[in-house]
Amino acid sequence: MKRAIKMSLWILCGLACVLTVIICFFGVFSYFTQNFKKEQDGYFARVEYSIEGYIIDKQIVGGPYCLIELEPTKFEIMKNEIRSSDDYVGIFS
């Protein structure tokens, strides 16, 4: 009887540890997701432009990024406060 109780306690402790690790993992993931969103929102608060045109070429440069070459028909810059430390897309001519 005592052995069954000890075994049940070990199983419950193991499940509690696994549950704690899962909760911590989701907490860290949620933190980094919110931090990325805050940085991205900060970038878009400093940069605002509009461009229209015909796509000439497209190159995938890695990950979700691609380089699009186009022949502009309309281009308007409202704000363009890009820093060298920014990890986002800007205008290059």
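So, here's what we can say about the structure.

Parameters at a glance
Residues numbered from 1 in each chain as written. Predicted model: local features only at pLDDT ≥ 70, side-chain atom pairs only at ≥ 80, totals over all residues. Heavy atoms only, no water. Helix = DSSP H or I, 4+ residues; strand = E, 2+ residues; numbered from the N terminus. Contact = heavy atoms within 4.5 Å. Phe/Tyr/Trp six-rings, centres within 6.5 Å; stacked < 30°, edge-to-face > 60°. Buried < 20%, exposed > 50% of the residue type's maximum accessible area, 1.4 Å probe, protein only.

Side note on the overall build of the protein chain
Point 1. The helix and strand tally for the protein chain stands at one helix and two strands.
Point 2. For the protein chain, the sequential pattern of α-helices and β-strands runs α-β-β.
Point 3. Here the contacts in the protein chain between residues at least 6 apart in sequence split such that 49% fall between residues at least 24 apart.

Regarding the packing of aromatic side chains
Point 1. Inspection of the entire model under this criterion finds one aromatic pair.
Point 2. Each ring, one from phenylalanine 25 and one from phenylalanine 26, has its centre 5.7 Å from the other, and the planes form 65 degrees; the classification is edge-to-face. Here phenylalanine 25 matches phenylalanine 26 in class, with each residue exposed.

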